[in-house]
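For reference, the chains in residue letters:
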Amino acid sequence: MTDVLTPVLTADWGTPESWKLNVYEAAGGYGALKKALGMAPDDIITAVKDSGLRGRGGAGFPTGMKWSFIPQDASTEAGGKPKYLVVNADESEPGTCKDIPLMMATPHTLVEGVIISSYAIRANTAFIYIRGEVLHVIRRVQAAVSEAYLAGHLGKNIHGSGYDLDVVVHAGAGAYICGEETALLEGLEGRRGQPRLRPPFPAVAGLYASPTVINNVESIASVPSIIGNGAAWFSSMGTEKSKGFGIFSLSGHVNVPGQYEAPLGITLRQLIDLAGGIRTGAGGQQMGLKFWTPGGSSTPILTQAHLDVPLDFEGVGEAGSMLGTRALQIFDETTCVVRAVLRWTEFYKHESCGKCTPCREGTWWLTQTLTRLENGEGSAEDLDLLLDQCDNILGRSFCALGDGATSPITSSIQYFRDEYLAHLEHGGCPFDPMASTAFATVGANQ
Amino acid sequence: MTQEIVKSDLVTLTIDGIQVSVPADTLVIRAAEQVGVQIPRFCDHPLLEPVGACRQCLVDIPDAGNGRGFPKPQASCTLPVAEGMVVHTQATSPVAEKAQQGIMEFLLVNHPLDCPVCDKGGECPLQNQAMSNGRGESRFAESGGVKRVYPKPINISAQVLLDRERCVLCARCTRFSEQIAGDPFIELLERGALQQVGIYERQPFDSYFSGNTIQICPVGALTSAAYRFRSRPFDLVSTPSIADLDACGSAIRIDHRRGKVMRRLAGNDPEVNEEWITDKDRFAFLAPRQDDRLTHPQVRDEDTGELRVASWPEAFAVAARGLKDAKKKVGLLPGGRLTAEDAYAWSKFARVVCRTNNIDFRVRPHSAEEAAFLASTVVLGAPGVGAVTYADLESARTVVLAGLEPEDEAGAIFLRLRKANQAHGTRIFSVSAVGTRGLAKTGGQLLPTVPGTEASAISALASDGEVALDAGGLILVGERLAGVPGALSAAAALAATTGARLAWVPRRAGDRGALETGCLPNLLPGGRPVADPGARVDLAAAWGVAGIPDNEGLDTDGILAELRTGGLDALVVGGVDPADVLALGGQSDKLLRKALKKAFVVALEVRSSAFTELADVVFPIAPSTDKAGTYVNWEGRVRSFGKVLDNPASLPDVRVLAGIAEERGRSIGVRTPEQAWAEMVQVGPWEGPRAATPTVVSTGSTDGGANGALVLSSWKQLLDDGRMQDGDDHLRATARRPVVLVNQATFDTLGVPEGDDVTLAGPLGSVRLPVAIGEVADGVVWAPASAPGVSIRHLVGPAGAVVTVEGGAQ
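Residues numbered from 1 in each chain as written. Chains lettered and ligands numbered in written order. Predicted model: local features only at pLDDT ≥ 70, side-chain atom pairs only at ≥ 80, totals over all residues. Heavy atoms only, no water.

## A few points about the overall build of chain A
Okay, so step 1: A count of helical and extended segments in chain A gives 17 helices and nine strands.
Okay, so step 2: For 446 residues, the compact-globule estimate of 2.2 N^0.38 gives 22 Å, and chain A sits close to it at 22 Å.
Okay, so step 3: Seen along its three principal axes, the alpha-carbon backbone of chain A occupies a region of about 75 × 45 × 40 Å.
Okay, so step 4: Out of the 446 residues in chain A, the part that is buried amounts to 59%.
Okay, so step 5: Across chain A, the fraction of contacts at a sequence separation of at least 24, relative to all contacts at a separation of at least 6, is 69%. (Helix = DSSP H or I, 4+ residues; strand = E, 2+ residues; numbered from the N terminus. Rg over C-alpha atoms; globule rule 2.2 N^0.38 Å. Buried < 20%, exposed > 50% of the residue type's maximum accessible area, 1.4 Å probe, protein only. Contact = heavy atoms within 4.5 Å.)

## Some details on the overall build of chain B
Okay, so step 1: The number of helices and strands found in chain B is 28 helices and 36 strands.
Okay, so step 2: Considering only C-alpha atoms, chain B reaches an extent of 85 × 65 × 60 Å along its principal axes.
Okay, so step 3: When the 810 residues of chain B are sorted by exposure, 60% land in the buried category.
Okay, so step 4: Within chain B, contacts between residues at least 6 apart in sequence are counted, and of these 70% link residues at least 24 apart.
Okay, so step 5: Working note: accessible area of chain B is about 30200 Å², and carbon and sulfur atoms make up 52% of it. (Areas by Shrake-Rupley, 256 points an atom, 1.4 Å probe, with all protein chains shown as cover.)

## Structural notes on a nonpolar patch on the surface
All names here are of chain A.
Okay, so step 1: A cluster of nonpolar residues, Phe61, Met65 and Phe69, forms a patch on the protein surface that exposes about 280 Å² of accessible area.
Okay, so step 2: Among the structural elements, Met65 can be located in helix H4 (residues 63-68).
Okay, so step 3: When its relative accessible area of 37% is taken as the criterion, Met65 is described as partly exposed. (Patch = residues over 30% accessible without salt bridge, like charges linked within 9 Å, V, L, I, M, F, W, Y side chains within 5 Å. Salt bridge = Lys/Arg side-chain N within 4 Å of Asp/Glu carboxyl O.)

## As for the interface of chain A and chain B
How large an interface is tends to be reported as the accessible area lost when its parts come together.
Okay, so step 1: At the interface, 32 residues of chain A touch 37 residues of chain B.
Okay, so step 2: For the chain A and chain B pair, buried surface summed over both sides reaches about 2900 Å², with 53% attributable to carbon and sulfur atoms.
Okay, so step 3: Summed over the shared surface of chain A and chain B, the result is five salt bridges.
Okay, so step 4: A salt bridge links Arg139(B) to Asp388(A); its shortest N-O distance comes to 2.7 Å. (Buried area = accessible area lost by both parts, 1.4 Å probe.)

## Notes on the sheet that holds strand S10 (residues 222-224) of chain B
Residue and element names in this part refer to chain B.
Okay, so step 1: Overall, antiparallel pairing links the three strands, which are arranged S6-S7-S10 in an open sheet. Strands with a single pairing partner mark the edges of an open sheet, and in this sheet they are strand S6 (154-155) and S10.
Okay, so step 2: As defined by bridge partners, S6 adjoins strand S7 (residues 160-162) across two bridges and the pair is classed as antiparallel. When the bridges of S7 are listed, Ile154 appears paired with Leu162. (Pairing = 2+ DSSP bridges.)

## Side note on helix H6 (residues 107-121) of chain A
Residues and elements named next belong to chain A.
Okay, so step 1: Look at H6: 21 Å from first C-alpha to last across 15 residues, which is about the 21 Å you get at 1.5 Å a residue.
Okay, so step 2: The element H6 is largely enclosed, with a buried count of 15 among its 15 residues.
Okay, so step 3: Just downstream of H6 lies Arg122, where phi reads positive at about 60°. (Expected span 1.5 Å × (residues − 1).)

## As for the nonpolar core
All names here are of chain B.
Okay, so step 1: In terms of nonpolar packing, the biggest core is built from 87 residues, with Phe349, Val477, Phe619 and Ile660 touching the most fellow members.
Okay, so step 2: Per-element tally for this core: the top contributor is helix H10 (residues 340-353), with nine residues.
Okay, so step 3: With residues near it in sequence (within four places) discarded, Phe349 still touches Leu323, Leu332, Cys354, Leu657, Ile660, Ala661 and Ile668.
Okay, so step 4: If you look at the next biggest cluster of nonpolar residues, it comprises 73 residues, including Ala99, Leu169, Phe205 and Ala735. (Core = buried A, V, L, I, M, F, W, Y, C linked by side-chain atoms within 4.5 Å.)

## Some details on the environment of Arg263(B)
Residue and element names in this part refer to chain B.
Okay, so step 1: Tracing the backbone through its elements, the reader meets Arg263 in strand S13 (residues 260-266).
Okay, so step 2: A sequence separation of 33 residues divides Arg263 from Arg230, and the C-alpha atoms of the two residues are 9.3 Å apart.
Okay, so step 3: Residues contacting Arg263, with those up to four places away along its chain left out, are Glu123, Tyr227, Leu236, Arg253, Ile254, Asp255 and Phe285.
Okay, so step 4: Separated by 2.8 Å, the side chains of Arg263 and Glu123 make a polar contact.
Okay, so step 5: Here Asp255 takes part through its side chain, which lies 2.8 Å from a polar atom of the side chain of Arg263. (Polar contact = N/O pair within 3.5 Å; in protein donor to acceptor, adjacent residues only side chain to side chain.)

## Let's talk about the environment of Ile115(A)
Residues and elements named next belong to chain A.
Okay, so step 1: Of note, Ile115 is situated in helix H6.
Okay, so step 2: In the structure, Ile115 is positioned 12 residues away from Phe127 in sequence and 11 Å away in space, judged by C-alpha atoms.
Okay, so step 3: If we ignore the near neighbours within four places in the chain, the residues touching Ile115 are Tyr30, Leu33, His153, Leu154, Ile158, Tyr163 and Leu165.

## Regarding the side chain of Glu180(A)
Residue and element names in this part refer to chain A.
Okay, so step 1: Relative to the helices and strands, Glu180 resides in the loop between strand S3 (166-171) and helix H8 (181-188).
Okay, so step 2: Residue classification places Glu180 among the buried positions, given a relative accessible area of 9%.
Okay, so step 3: Here the side chain of Glu180 touches Ala183 through a polar contact of 3.0 Å, landing on its backbone nitrogen.
Okay, so step 4: Beyond its immediate stretch of four places on either side in the chain, Glu180 contacts Pro195, Arg198, Cys399 and Leu401.

## Remarks on the pairing of strand S22 (residues 501-505) of chain B
All names here are of chain B.
Okay, so step 1: By the criterion of burial, S22 is predominantly enclosed, with four of the five residues buried.
Okay, so step 2: One ladder, built from five bridges, connects strand S21 (residues 473-478) with S22; its direction is parallel. Residue pairing in the sheet places Leu476 in a bridge with Ala503 of S22.
Okay, so step 3: At this point the chain moves from S21, through helix H17 (residues 487-498), to the parallel S22, and the crossover so formed is right-handed. (Right-handed = clockwise from strand over helix to strand, strands pointing away.)

## Topic: the state of the cysteines
Okay, so step 1: Going through the model one piece at a time under the given rule, you end up with zero disulfides over all chains.
Okay, so step 2: For Cys399(A), which is in no disulfide, the shortest distance to another cysteine sulfur is to Cys353(A) and amounts to 6.3 Å.
Okay, so step 3: Its sulfur unpaired, Cys124(B) is 6.2 Å from the next cysteine sulfur, which belongs to Cys118(B).
Okay, so step 4: On the basis of relative accessibility, which here comes to 6%, the residue Cys124(B) falls in the buried class. (Disulfide = S-S within 2.5 Å.)

Written out as structure tokens, the structure reads:
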């Protein structure tokens, strides 16, 4: 069963002191860097293009194509400016848990990827913007960067190549919005994290109004393996339009939650098997899957009917959701969908940056409507009101985060309308909230 | 060929089925206005950068011009037009209409809907657009929604108040402050629905332009202490007018109710002030309503020696008799508040009734050189005949400022210079002793100059490779330069050698009009030089009088000197701050006071003053709201305005002077502003030779530097002790706190921490003020000339005086 896994990024997570430079190098680390420095930057871009790597931060934009948007003609205004690589390590999506363990376990994979990627786009300064709450991870990446400087992987004239690169590890101040790339740039420049108007796009005028590539941690960390093993190796994995491997983070009601690295196109059924199945209920009975998110809370939820959907960009899209960050939150039959959706919505309300009206005011209102429904105080018309509020937010907000706030609501009403109505008939939640907690798994009723 | 070029700059698109061609880069929201469709909006403002925050202006774009449409509604305030684009607004697209209604409903979720007690109610974009583009009923209220609430209101400055729960977070105010005024003292704080406008801790919103945020606020979140809860918009009568507190000629709107001005707002004049005015223009309108407003003519009683109320005919007769007795030994000081029509009446009154050229509108440091400069270089300039305009400021490559601090002395110029610098990097240089924050906000560079040496500094610019002044450059000289011998001559010479164009920027609204109408000892109306016999004959013929006095008259200094020595027997005075007169030349005011008591003084004033107390006849003069008239701004642009209030208690200068003249038997031929204007047009400008440009050679020296002595740099700041700002304490509270500004080297010699009081001593005395460190030329100390309660010009000395600064306790 485990042969479906393709551990590349996660391969050394179990090695003692895997975060140390010597351990990383002993396993062949920084070999890809030496190879890359012998290549022309454009050839690296071509290799990444050929590999079919698509952005691992959720949107799935082809990474090599993003790099090729950076103007390199020094005679033009934009091309004459410095270029920047910014790594989006502000992992904050509910359910998403891949970049933080990666940076914790093997930060040098990221650092090596940063150097190769910066070399490819001809950036001499790169930034790693890490979510501020994960101080231990920030320290670990800072330590890795220091080690890399001392080993000559960073700094002036890296390994005699004539290429200079400085890496700045930046701690965010704790805002979900800063995962949005232009808000991240605002934060990096010292302003309030709120998304910027586009155009101009970051590829032309990003950080400090200069051409900037912003990539997810996992995308950048995949680059050394692509350079080291070749584009063909990478594209041999995955599906036709979703090449390569990815980290699938399973959380919630499975027996062995965690990160499973597998080719894109794997199904949830396979992943649940790898994770030891859905948990056993409090009474010892085997629980069944009720609903799940394919890529974090901003992707519409799916149900048992979607267990065999191939988890690639196309497959999940056809099922009416999004692959997102492959953050698979698994909910079993003990879970009240209304309660889960309300908690997520409260998150969006708390994290709305406030810039645009629909997200700011819409989430304020949605939580109130949902709360009434959860308490059994609303009416059946409130479901239509909720859907209409979502319709007025989706596609009307300034950035995609407003859209994301509507996904759990519209999808849950689509699949579980009756459960909402049951709250009204029941005069409150018909579920025992304790039953869905983790404590309920082992000996809860003893 | 020309037609083709024009065509290629236009983009044709279809909005709601109507084809329209607009310039490239036009935003869809404004293109829609061209076809008569108003798309609702809050954050959008034509003079601010697009932000796309409120999402109210969503429209449907089935074709972006490339054959493909946008899958989602687009914010029309951030989307530029494209050739062949198809736009469906709320008028034709159910999707756009629903999107807009949805946003409007969201905006009202957390809005208190307290319209009945809100100042904005009745003129509120939120209220209006909720009616035109919103749902009739609130589903939020129906579903038992709970709104966010805040304690209300909070002061973000002494003048500006914020009701946070009304705010729709459009960020117009913060963007204005950052982008237009350059005073980013307010910013959005917090996030989500709790996002709110705030100030920095312990840093109030003390911007000279803060009132504009109140006006562009699309809801009632920002209000002024001056207007809050005073009136409803539908009770107000609005009259377009012109700001009367500086020489910018800013368009304003005056709103009054039952005989009282309730507020002033910025007018919209793209050629002048765009949509912005200073806080002084906006809030300083209560002066005429003070208790000391003159409401009746007064004459000095022959028996008691006291002023007593008199009838208009008696006052006219007494004034005429007194002036008759003085024969030609009369001086006239009309001051700087006059409309052009009133100034014309003063000018004609001097020549025809008093038969003298002893008239001078300048009550500040002045010189014969300045009078010659004004006659040769400034008078008769106007937009369209080569004079520098606001548009020129915006397109200039280089601007040199000399003796002018635009943020303090001409707010609209400051905003234009900042706009020019922000938009295309216009290079701005200031010949001054102080690198002010205002200069920094315009991206300007200080050319450090010790007061008194401006002439040589200006001359040196002719060969300054960095400033590189050429025909694409402008030189703006302030009236303060008149205090420096040779400086105006040098500026005129610099313009001549470099090809740069020159403009003179006075401080008061009436200054330029007084110049054009000949309220100077060397000039007659229409720029006619007194010294030119042809000009005198021309004017005498137009006026139908036998002749015009042929000697150049006395200027203000001369008039005051002759009064002191008895060379003049009578003074006609108006619009003059007596403190300024008594301080001129640094003479003891006792002597002058005595002389004025002895002389026959006719005072034309709005409010009582030291002059009216000394006068033999006092006439109550109508403030600018109570009469029609015209100001001529620094550009030479004619800025006419109508009467706002009917108040029979006072009359315009022209009517008063006509009354005196008729009693004297020498009519000035006009009685009303309208008649005066008609005659001014008839008399017309002088087309003969201009007076020669002055060529005063600078002495170039300064007395500073010896024995630790410093030279005082000083000017009047925007908000100061001026009498026309009386009545609004909230406004005055936003004035900058007076400091003694020194550079680091001088500071190091004082031995006190920054912020501690130091003693600034000069020829008139000394004051104690906190010391601050700034970019100040070596050997110079700066202090405000006219801060409320600490008037350096009266307590220490004039700009250019030698002063000392000492730290430590007194």
